[in-house]
Every structure is written in C-alpha cells, then in structure tokens.
Amino acid sequence: MNVSVVGAGTMGRGIGQVFAQAGHDVILIDINRNVLSSAESNIKESLSRLNRKGLLKESIESIIGRIKYSSSLEDIKNSKIIIEAVFEKIEIKKETLEIISKHADPQAIIGTNTSSISINTLSQYVNGKERFLGTHFFNPVPVMKLVEIITSERTDGKVVETIEKVMIEIGKDPVFSKDFPGFVSNRILMPLIREAILTFEQGVASAADIDKTFRLGMNHPMGPLELADFVGLDVCYDVLEVLYRDYGDPRFKPPITLKNMVTAGKLGRKSSEGFYTYR
Ligand SMILES: NC(=O)c1ccc[n+]([C@@H]2O[C@H](COP(=O)([O-])OP(=O)(O)OC[C@H]3O[C@@H](n4cnc5c(N)ncnc54)[C@H](O)[C@@H]3O)[C@@H](O)[C@H]2O)c1
C-alpha cells in the first residue's frame, strides 16, 4: 500500500519508518528540507540499531528503498493512508488538513497523530469526515507498541476496522478511545506527572526519590519526572493547559514550577536540562 506521512519530525519519521519496515511504500513529507535530510539519516541510524539487535526481517537497503522524501503535499495523491504529524498547533493542522483534503484520493483514510486536539474539531477541516480519525502513536515509534485509535462522531466503522488491521499488520497493538481530551493515555498520565511535580515543588521528596518510588514500588520503567523530561516539559505544559481548559478541572492545572522551567528554557532531555541534567 502507498502511505503518506505529513510532517517528518520526531513522530512522522518514526511512523514512516514502521510502515516501510512492514513493506509499504512511504512518502515522508515536510515543508522543511533540513528536517527531511535529518529524518533520512535518523531512519538509517534507527534501522541499523534494529538490525544489530536482529530485529529486521530484510536488508536496511530494501526498507530504505521504499521511503521517498518530499516537500510537496501534492505527492500524497496516490496514497491510501495519510497520517498527519505536523506541529501541535490547531491553525497549522487546519491548514495542513485542508491541503491534504484537496490533493488526497477521495477513498484515502486520513489519520492525525494529535496528542491533545479534539478529533471532532479537526474533522471539520477534512473533506469527508467519515474517513478521518485519530491515530496516536507513541515516542519512539519504532519501539513503542501502542497506538490509540480515536474516532469522531462521524468516523465510519469500516474505516476503524481497516485502520485496526493495518496497525496490527505494522506491529502495533491498538486501543480504542472516544474523543475526550487527552484520550486515555494523557488523561491519566498528565495528572500523575502534575502530582509528581507538586510533590517535588512542596519539597516532600527529591526528584530522584519521587522517581525511585515509582520504579521500585510500582515497577514503572521510568519515574514520572524522568518521563516528563523525556516527553518534553513544554509538551507536558501544553497538554495540561488543554486538559485544564477543556475539563475545567483543577486536577489538570499546570504547576507553577513547570511553567517557570519551560519559560526558562528547561525543556527536559531535548534542552539537556529539566528535572535532571543530561550532558
Ligand atoms: N513528540 C512526541 O512525543 C509525540 C507523541 C505523540 C504524539 N505527538 C504528536 O505528533 C505530532 C507531531 O509531533 P512531533 O513531536 O513529531 O513534532 P515535530 O516538531 O518534531 O515535527 C513536526 C514537523 O511538522 C512539520 N510541518 C509543519 N507544518 C507542515 C506542513 N504544512 N506540511 C508539512 N510539514 C509540516 C515541521 O517542519 C516539523 O518537522 C503533534 O501533533 C504531536 O502532538 C508527539
């Protein structure tokens, strides 16, 4: 099958890679050419790592050979599945989905990788609401098995069935969620991260001990503050703001410490500084 992924950043490149690994022809599209070249080298590195672990069924060259890189959205025209993975900004997603609608095959399924924007809201920008749904992958995509499949009020049941099959076929293990803010994953994860930050803010325990509590006491692979650093503190802040706004519930209110850290440029791993330092 021919698959397009629009947005070749952290998530888009991983999504493109897993489709290519499963034998699909992939067009990875980004408006930024530098992003496309970094995606290309990242995918090669990721495939080499998987190859060293004996996890690839065929040569790196044949997988890479199925991925094309493009900066033109018109190139989606032959794709049967199109996944949008551009910035988490509603106006950018609106513009992108409108262009996708213009060029896509009328039968193509269109998925969005949004983490926090309503699927019903985004469906307004798609020509053919019944073929649109949320396909929420997790970072790093080649490693994480989960995909949340989120339907709008108008998503066709047959489209959901097709996407479920495709996700299983590319090695993912999907769960289904209604279109409520944060779906399942972030609705439950973000209040945990928030409470961990408040516990730290109030000086109840050190960051290391808060995380150790979850690693050793609950068998989590990472504690909540380590995980917040990994996700990106700016991303955590933005998602909490959306959840707080949409549910109006104080259990989602972004902590002041989190706001201060983000404003100061402490974004977690990606800026080498968050609850921990990474150098
Ligand atoms: N990073 C994560 O851990 C994570 C996890 C799950 C879901 N998500 C979601 O995935 C989406 C992408 O996140 P990301 O972390 O990969 O972002 P990113 O910033 O790494 O990449 C976004 C890319 O979109 C490109 N882009 C912007 N406008 C475009 C357009 N009109 N056409 C083509 N490309 C365009 C940008 O150049 C950029 O390379 C967001 O909706 C985010 O919420 C992210």
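Procedures and definitions
Residues numbered from 1 in each chain as written. Predicted model: local features only at pLDDT ≥ 70, side-chain atom pairs only at ≥ 80, totals over all residues. Heavy atoms only, no water. Core = buried A, V, L, I, M, F, W, Y, C linked by side-chain atoms within 4.5 Å. Buried < 20%, exposed > 50% of the residue type's maximum accessible area, 1.4 Å probe, protein only. Helix = DSSP H or I, 4+ residues; strand = E, 2+ residues; numbered from the N terminus. Contact = heavy atoms within 4.5 Å. Expected span 1.5 Å × (residues − 1). Polar contact = N/O pair within 3.5 Å; in protein donor to acceptor, adjacent residues only side chain to side chain. Domains from an automatic or database assignment. Near = heavy atom within 4 Å. Nonpolar A, V, L, I, M, F, W, Y, C, P; charged D, E, K, R; others polar.

Draft legend 1. Main features of the nonpolar core. One finds Ile15, Phe19 and Phe137 to be the most contacted residues of the largest nonpolar core, which totals 35 residues. Top element by residues in this core is helix α2 (residues 33-52). It accounts for six residues. Ignoring sequence-local partners within four residues, the contact set of Phe137 consists of Met11, Ile15, Phe19, Asn113, Leu146, Val147, Met167, Ile170 and Lys172. Core analysis: the next-biggest nonpolar cluster, separate from the first, contains 20 residues, Ile27, Ile76, Ile100 and Ala104 among them.

Draft legend 2. Spotlight on helix α6 (residues 157-169). The end-to-end C-alpha separation of α6 is 18 Å, in line with the 18 Å expected for 13 residues at 1.5 Å each. At its buried positions, α6 is contacted by α1 (10-21), β4 (81-84), β5 (109-112), β6 (132-137), β7 (146-151) and β8 (173-177). A distance of 2.9 Å separates the backbone nitrogen of Lys158 from a side-chain oxygen at the start of α6, and that oxygen is part of Asp156. Gly171 sits one or two positions beyond α6 and adopts a positive phi of about 95°.

Draft legend 3. Representation of the domain arrangement of the chain in the model. The domain boundaries assigned to the chain delineate domain 1 (2-177) and domain 2 (190-269). Computed over C-alpha atoms only, the centres of domain 1 and domain 2 are separated by 28 Å.

Draft legend 4. Representation of the site of the ligand within the structure. Every one of the 22 residues lining the ligand counts as a neighbour, but Met11, Asp30, Glu88, Lys93 and Ser115 are closest to it. Thr10 is positioned such that a nitrogen or oxygen atom in its backbone is 3.0 Å from an oxygen atom of the ligand. Note that an oxygen atom of the ligand is positioned 3.4 Å from one of the backbone N or O atoms of Val86. Of all the secondary structure elements, the ones that give two or more residues to the shell around the ligand are α1, α4 (90-103) and β6. Of all the elements, α4 adds the most residues to the shell around the ligand, at three residues. Residue composition of the shell around the ligand, grouped by class: nine nonpolar, ten polar and three charged.

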